[in-house]
Amino acid sequence: MASLSSGGTYADIKRKFKFDTDTSTQESEGRQKLRSWLNKSLRVSMTDGRTLIGVFLCTDRDKNVILGSCQEYIQDPDNTSGEDPRVLGLAMVPGHHILKIEYDDITANQIM
């Protein structure tokens, strides 16, 4: 084991202990996918039949999702003869209620 008592520069210490300070190259595939979804419009289908469309802001270890500028659809949002969506604004969707998450390119084009 290397001794720190001899002093040395940070590069010397890094070389002795093989520290890797650049963790971005070690990021998992799942984390990269989540990062690519940030600030993108997502469609979240829930267990009770509702669909939420909003901008993906963050998630946590419990798979909860935070959506900004969120709208709630009781029926299928692609069905134009349905009820108007309910504006929720900022919404937290519990992870255990999420059935499916999709990239919503139709709404993304309307927002931009």
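The protein chain is annotated in an unreviewed UniProt entry as N-alpha-acetyltransferase 38, NatC auxiliary subunit-like from Branchiostoma floridae. In its Sequence similarities (unreviewed entry) section, the UniProt record describing the protein chain reads: "Belongs to the snRNP Sm proteins family."

Enquirer: Just checking my understanding: could you explain the side chain of D104 for this structure?
Expert: Here D104 shows up in the loop between β5 (98–103) and α3 (105–111). Residue D104 is classed as buried on the basis of its relative accessible area of 2%. Side chain to side chain, D104 and R43 meet in a polar contact 2.6 Å long. Setting aside anything within four residues of it in sequence, one finds D104 in contact with S41, L42, R43 and I53.

Enquirer: It is not clear to me how the sheet that holds strand β3 (residues 65–73) should be interpreted in this structure. Could you clarify?
Expert: Consider a sheet: its strands pair through backbone hydrogen bonds, and that pairing is either parallel or antiparallel. If you trace the five strands from one edge of the open sheet to the other, you get β4-β3-β2-β1-β5, paired in antiparallel fashion. Edge positions in the sheet fall to β4 (86–93) and β5, since each of these pairs with one other strand and no more. Averaged over neighbouring strand pairs, the angle between their axes works out to 30 degrees when direction is ignored.

Enquirer: Whenever I open this one, unusual backbone geometry confuses me. Can you help?
Expert: Negative phi characterises most residues that are not glycine, and trans characterises most peptide bonds. With a phi close to 60 degrees, N39 is a non-glycine residue in the positive phi region. Inspection of the secondary structure assignment puts N39 in the loop between α2 (29–37) and β1 (41–46). Residue classification places N39 among the exposed positions, given a relative accessible area of 53%. The backbone of K63 sits at a positive phi, close to 70 degrees, despite the residue not being glycine. Turning to its location among the elements, K63 is positioned in the loop between β2 (51–59) and β3. What makes K63 exposed here is its relative accessible area of 60%.

Enquirer: I keep staring at the nonpolar core and nothing clicks. Help me out?
Expert: Within soluble globular proteins, side chains that are nonpolar tend to cluster in buried spots. L42, V44, M46, L52, F56, V65, L67, C70, A91, V93 and I98 form the largest nonpolar core, which has 11 residues in total. When residues of this core are traced back to their parent elements, those giving at least two are β1, β2, β3 and β4. Beyond its immediate chain neighbours, meaning those up to four positions away, M46 contacts L52, V93, H97 and L99.

Parameters and conventions
In every chain, residue numbers begin from 1 and rise along the written sequence. Thresholds applied to this predicted model are a pLDDT of at least 70 for local features of residues and 80 or more for the giving and counting of side-chain atom pairs; totals over whole chains, interfaces and linings are not thresholded and use all residues. With hydrogens and water set aside, each side-chain value is computed from the structure's full complement of heavy atoms. UniProt positions are given in the numbering used here, feature names are shortened, and annotations may be inferred rather than shown by experiment. Secondary structure follows DSSP: runs of H or I at least 4 residues long count as helices, runs of E at least 2 residues long count as strands, and numbering of each begins at the N terminus. For the exposure calls, accessible area comes from a 1.4 Å probe over protein chains only, and a residue counts as buried if that area is under 20% of its type's maximum, exposed if over 50%, partly exposed in between. For the purposes of these results, a polar contact is taken to be a pair of N or O atoms within 3.5 Å, where, inside protein, one atom must be able to donate a hydrogen and its partner to accept one; residues adjacent in sequence count only when each atom of the pair is a side-chain atom. Here, residues are in contact when the closest pair of their heavy atoms is within 4.5 Å. A strand pair is defined by DSSP finding two or more bridges across the two strands. Each axis is a line fitted through C-alpha atoms, taken for helices only over the stretch in contact, and angles between the N-to-C directions span 0 to 180 degrees. What we call a nonpolar core is a set of buried Ala, Val, Leu, Ile, Met, Phe, Trp, Tyr and Cys residues that are connected through their side-chain atoms within 4.5 Å.

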